[in-house]
Amino acid sequence: MAKELDSIMLEDQKFRLELSSFSFQNSKDSIKWKVMLNTQNKIDSLNLLRIVEIIKEVGGYPGKTLVGDSASKVAFFVLQHSTPEIQKKHLDLILKAAENFELNKSYAAMYHDRVLMHGGHPQIYGTQIRRETVFDSITGSWIERRYIWPVQDTTIIDSLRLWNGLKPLEAYMYEMGLDIE
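The structure reproduced in this document is the subject of the present report.

Calculation rules
- Residues numbered from 1 in each chain as written.
- Predicted model: local features only at pLDDT ≥ 70, side-chain atom pairs only at ≥ 80, totals over all residues.
- Heavy atoms only, no water.
- Helix = DSSP H or I, 4+ residues; strand = E, 2+ residues; numbered from the N terminus.
- Contact = heavy atoms within 4.5 Å.
- Areas by Shrake-Rupley, 256 points an atom, 1.4 Å probe, with all protein chains shown as cover.
- Lys, Arg positive; Asp, Glu negative; His and termini not counted.
- Charge placed at Lys NZ, Arg CZ, Asp CG, Glu CD.
- Expected span 1.5 Å × (residues − 1).
- Buried < 20%, exposed > 50% of the residue type's maximum accessible area, 1.4 Å probe, protein only.
- Salt bridge = Lys/Arg side-chain N within 4 Å of Asp/Glu carboxyl O.
- Arc of directions from axis to C-beta.
- Core = buried A, V, L, I, M, F, W, Y, C linked by side-chain atoms within 4.5 Å.
- Patch = residues over 30% accessible without salt bridge, like charges linked within 9 Å, V, L, I, M, F, W, Y side chains within 5 Å.

Scanning the chain from terminus to terminus reveals 11 helices and 2 strands. In the chain, the succession of α and β elements from N to C terminus is α-α-α-α-α-α-α-α-α-β-β-α-α. Principal-axis analysis of the C-alpha atoms gives the chain an extent of 55 × 45 × 25 Å. Counting contacts in the chain only where the partners sit at least 6 residues apart, residues at least 24 apart contribute 58% of the total. If you sum the accessible surface of the chain, you get close to 11,000 Å²; carbon and sulfur atoms cover 56% of it. Side chains of the chain give 22 positive and 24 negative charges; the mean places of these two sets differ by 4 Å.

Now the structure itself:
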């Protein structure tokens, strides 16, 4: 099963880096971008079907005890790249896997934040970054703005991040190229 999960991980990441490197202005008109996105979406659908089957087969999350440390993150990635409805449906599974040391807590924190963000709620750990295109009235052009999705409680954010294996928020923002306000 670990080998199969490793193969799924390769497929999951197949076009993601290249897709994310396209600029927001060029991506809408690029045939290459559209083809890669369509292909990745098909791969994601097939991966999701198999991960759901595996979860049913093993009666829970395919974690570290069953498949080893490396392959234990694969179900997380596939579920994270699914629809908000699928993500929400599997939130308890992900949180329980982290609680039982079958999945790194940092992955569960990211997943939890993503579910909250998709639900329109503030996140807990500050892991989710949003992008939006805004019109700059000074330059007269459209620009991409990236920011951390709102956080529930900024007074304890670094403690929560540390407890869950994440860097302090300021270091994360610097690493992601975001302005620290």
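From this point on, the discussion continues.
Moving on, we come to helix 9 (residues 105-118). Counted at 1.5 Å a residue, the expected span for helix 9 with its 14 residues is 20 Å, and the 20 Å between its end C-alpha atoms agrees. Among the 14 residues of helix 9, 10 are classified as buried, and the element is accordingly described as predominantly covered. Regarding helix 9, the residues found buried are Ser106, Tyr107, Ala108, Ala109, Tyr111, His112, Asp113, Val115, Leu116 and Met117. Where the residues of helix 9 are buried, they touch helix 6 (74-80), helix 7 (84-89), helix 8 (91-99) and strand 1 (129-136). Taken from the residues just after helix 9, Gly120 is the one with a positive phi, measuring 80°.

Glancing now at the pattern of salt bridges. Counted under the stated rule, the structure contains 9 salt bridges. The closest approach of N and O atoms between Glu11 and Lys14, which form a salt bridge, is 3.6 Å. Judged by relative accessible area, which is 46%, Lys14 ranks as partly exposed. Three or more residues joined by partner-sharing salt bridges are found here, namely Glu4, Arg50, Glu53 and Glu57.

A rise of 1.5 Å per residue sets the reference length of helix 1 (residues 2-13), with its 12 residues, at 16 Å; its end C-alpha atoms lie 17 Å apart and thus fit the reference within 8%. Listed as buried for helix 1 are Leu5, Ile8, Met9 and Asp12. One side of helix 1 holds all its buried residues, which, seen down the axis, span an arc of 105°. In helix 1, the exposed residues that point more than 90 degrees away from the buried face are Lys3 and Leu10. Looking at the buried side of helix 1, the elements it contacts are helix 2 (16-21), helix 4 (31-58), helix 5 (64-67) and helix 6.

If you look at the biggest cluster of nonpolar residues, it comprises 25 residues, and the most contacted ones within it are Leu5, Ile51, Phe76 and Ile94. Mapped by element, the contributors of at least two residues to this core are helix 1, helix 4, helix 6, helix 8 and helix 9. A per-element tally of this core places helix 6 first, with 6 residues. Excluding residues within four positions of it along the chain, Phe76 makes contact with Tyr61, Ile94, Leu103, Tyr107, Met110 and Tyr111. Core analysis: the second largest hydrophobic core is formed by 7 residues, Leu169, Tyr172, Met173 and Leu178 among them.

A separate point is a nonpolar patch on the surface. On the surface, a nonpolar cluster with roughly 240 Å² of combined accessible area is contributed by Met1, Val58 and Leu66. Within the secondary structure, Val58 is located in helix 4. Classification of Val58 as partly exposed rests on a relative accessible area of 31%.

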